[in-house]
Amino acid sequence: MNTNTLVQKVWNFCHTLRDDGVGYGDYLEQLTYLLFLKLAHEYAQEPYNRDTHVPKGYDWPSLTSKVGEPLEAQYLSVLHKLGQEPGMLGAIFFKAQNKIQDPAKLSRLVQLIDAENWISMDADTKGDLYEGLLQKNAEDTKSGAGQYFTPRAIIQAMVACIRPQPMKTIADPACGTGGFFLVANEWLSGTGDWLKQNADWLKRDLPKLNTAQAKFLRKETFFGNEIVPNTRRMCLMNLFLHNIGELDGEPTVDRSDALISEPKRKVDYVLANPPFGKKSSMTITNEDGEEDKDALTYERQDFWETTSNKQLNFMQHIVSMLNVSGKAAVVLPDNVLFEGGAGEKIRRKLLENCDVHTILRLPTGIFYAQGVKANVVFFDAKPKNGNVHTKGVWFYDLRTNKHFTLKTRTLKLDDLQDFVTCYNPENRHERTETERFKYYSYDELIARDKASLDIFWLKDDSLDNLDDLPPPDVLQQEIIEHLEAALMSFRDVAVG
């Protein structure tokens, strides 16, 4: 069977299950369990003969030998048993449940997966299939999964600017389903259609990794945290299907809150889009003993300021994760750039202690979580020597007079080509101002009210020219975005 036919079969079965009330997320979950078991079974055969640590009697043949209710009972036993195993097995099957209530349909799904040899497919095929389901799950607004999904074009542009090098480590402290890791993996391995199609203007010679570099990429490059068990499970499977990680190894994505303690390791790059929503459920206590009134606290003496703002805490945490020569690109909402109090103090510390060199103002209408106005902040770690390390910040405005929606006018990498070109990844110290790309010195920035980095200079054309308004569907979406953003701000004030 060719790839397209297989993908269509998996999709069609998803639609069959949706009639029974099984959503994309639940289908993805069951597909993850069964695919993992089938792959483990294939690796245990000739010529691989690998010890996959799947206990006998709870393996793939234990499912294929049964149908109907006996299959359902065996499947429940398998899920329960494997969830108690160590390593990758336990991580994939942690608190696993059967969401397919019809034994006949479970049997059909097992047969569908059993009919294929999955190892023989290339990583792109398996990965595209799984990522397609993740995308559909993100688009299903009822599931709430969209909050874990960063538009792929933004990730690609961030990676193209950072240009990660082989044999270096990459972390994401809130990694969702692993989107940043996958794009960085494509950049480093020279795979991915986006890279091949845009290699010329990206100035990217498609590399050929040597054996040591390829091994490091697969086993020692990526480190993440994901607090939601099901999302972490999907992340591990997504990475594994793209040749990252080992079936019988230890997962490099921890099921834990990254903010709870100082990082276990320093890394060379951080690429991240920390969760939206300002209030943290726990309180931070800094070295001066200042704390919020919540009962739960965690000690972070490495933080500059105590705050309940989740994004500000992630910003401080990401700084603490970087090697002395580390680089970061982080998606952050507007409030991080202008908020007073702890926000102002953290911004001033960030400008002093790191080299904050570029901020990309993102357009509205590109995130599944509505009402989000966000930016990508690029900064480099610097040694703690008492010097102010930010000389000035370049701002690129991709928001003013830009109109995108999730369906009719989606953001593409082409829309970010001018930004990447202006960023000049090969030598970011040689840049030229344009209409959308402006430079502000450190002295100008810290003299602004609250050291605000929320800077815009372009005139909104639609305010003056009523004949030049965007199409009605885009206009409707933008009104919704503005109202949602205002509601989020009011909620934060009310909670505070």
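Calculation criteria
- Residues numbered from 1 in each chain as written.
- Predicted model: local features only at pLDDT ≥ 70, side-chain atom pairs only at ≥ 80, totals over all residues.
- Heavy atoms only, no water.
- Helix = DSSP H or I, 4+ residues; strand = E, 2+ residues; numbered from the N terminus.
- Expected span 1.5 Å × (residues − 1).
- Buried < 20%, exposed > 50% of the residue type's maximum accessible area, 1.4 Å probe, protein only.
- Contact = heavy atoms within 4.5 Å.
- Pairing = 2+ DSSP bridges.
- Polar contact = N/O pair within 3.5 Å; in protein donor to acceptor, adjacent residues only side chain to side chain.
- Axes fitted to C-alpha atoms, helices over the stretch in contact; angles between N-to-C directions.
- Phe/Tyr/Trp six-rings, centres within 6.5 Å; stacked < 30°, edge-to-face > 60°.
- 1 Å grid on protein atoms, 1.4 Å probe; cavity = no way out; pocket = protein on both sides within 12 Å on 5 of 7 lines; lining within 4 Å.
- Points joined across faces, edges and corners; volume = space filled by probe spheres on them.
- Nonpolar A, V, L, I, M, F, W, Y, C, P; charged D, E, K, R; others polar.

K.L.:
Just checking my understanding: could you explain helix α13 (residues 229-241) for this structure?
P.N.:
Taking 1.5 Å per residue as the helical rise, α13 with its 13 residues ought to reach 18 Å, and the 18 Å between its terminal C-alpha atoms agrees with that figure. Of all the 13 residues making up α13, eleven are buried; the element is thus mostly covered by neighbouring parts of the structure. Along α13, the residues that are buried comprise T231, R232, R233, M234, C235, L236, M237, N238, L239, F240 and L241. The inward-facing, buried residues of α13 abut α2 (24-44), α5 (87-92), α7 (123-139), α9 (179-189) and β3 (253-254). Residue N243 follows α13 closely and has a positive phi angle near 70 degrees.

K.L.:
Explanation requested: the pairing of strand β4 (residues 267-272) in the structure shown.
P.N.:
Looking down a regular strand, the side chains alternate between one sheet face and the other. Counting buried positions along β4 gives six out of six residues, so the element sits mostly inside the fold. Direction of pairing for strand β1 (residues 170-172) relative to β4: parallel, over a ladder of two bridges. Residue pairing for β4: I170 is matched across the bridge by Y269. Of the strand pairs in this sheet, β4 and strand β7 (residues 322-333) are connected by five bridges, and their pairing is parallel. Considered in β7, the bridge of V270 is made with A328.

K.L.:
It is not clear to me how unusual backbone geometry should be interpreted in this structure. Could you clarify?
P.N.:
Keep in mind that most residues, glycine aside, have a negative phi and that most peptide bonds are trans. A cis amide bond links E46 to the next residue, P47, at an omega of 0 degrees. Here P47 is to be found in the loop between α2 and α3 (60-64). Even without being glycine, K450 reaches a positive phi, approximately 60 degrees. Along the polypeptide, K450 turns up in the loop between α18 (442-446) and α19 (461-464).

K.L.:
Just checking my understanding: could you explain the side chain of Q74 for this structure?
P.N.:
Looking at the element boundaries, Q74 is found in helix α4 (residues 68-82). Polar side-chain contacts of Q74 include one of 2.8 Å to the backbone oxygen of G57. In this structure, Q74 is in contact with G57, Y58, S62, L63 and K66, ignoring residues within four places of it in sequence.

K.L.:
Is there a simple way to think about the sheet that holds strand β2 (residues 222-225) in this case?
P.N.:
Whether parallel or antiparallel, the strands of a sheet pair through hydrogen bonds between backbone atoms. Pairing is mixed in the open sheet, where nine strands are placed in the order β3-β2-β1-β4-β7-β9-β8-β10-β11. The sheet is open, and its two borders are formed by β3 and β11 (437-441), each paired with just one other strand. Sheet topology places β1 next to β2; three bridges connect them, and they run parallel. Bridge pairing links A171 to F223 in β2. Here α9 sits on the sheet in contact with β1, β2, β3 and β4, set at roughly 160 degrees to β1. Running over the sheet, helix α14 (residues 310-321) touches β1, β4, β7, β8 (354-361) and β9 (374-381) and is turned about 160 degrees from β7.

K.L.:
Looking at this model, I keep getting lost on the packing of aromatic side chains. Mind explaining?
P.N.:
Between two aromatic rings, the relevant description is the distance of the centres plus the angle of the planes. Using the criterion set out here, one finds 15 aromatic pairs in the structure. Measuring from centroid to centroid gives 5.3 Å for Y43 and Y48, while their planes differ by 70 degrees, and the two rings are edge-to-face. When its relative accessible area of 14% is taken as the criterion, Y43 is described as buried. Considering the side-chain rings of W394 and Y439, the 5.2 Å spacing of their centres and the 55 degrees angle between planes classify their relative orientation as tilted. A residue pair is termed long-range when its members are at least 10 positions apart, and W394 in strand β10 (residues 392-397) and Y439 in strand β11 qualify at 45 residues. Owing to a relative accessible area of 13%, W394 belongs among the buried residues under this scheme. Connected via pairs of aromatic rings, a cluster forms that spans F378, W394, Y396, F419, Y423, F437 and Y439.

K.L.:
Is there a simple way to explain empty space enclosed by the protein in this structure?
P.N.:
Here the idea is plain: a probe the size of a water molecule rolls over the atoms and shows the empty space left. With the rule as written, the count across this model stands at three cavities of 30 Å³ or more. Approximately 50 Å³ is the volume found for the largest cavity. The wall of the largest cavity is formed by L312, M315, V336, L337, G343, I346, R347, L350, V377 and L453. Those elements giving two or more residues to the lining of the largest cavity turn out to be α14, α15 (335-338) and α16 (342-353). By residue class, the composition of the lining of the largest cavity is eight nonpolar, one polar and one charged. If you trace the second largest cavity, you find it lined by P166, M167, L188, L209, Q213, F216, L217 and T221. It is helix α12 (residues 211-219) that provides the largest number of residues to the lining of the second largest cavity, a total of three residues. A class-by-class count of the residues in the lining of the second largest cavity yields six nonpolar, two polar and no charged.

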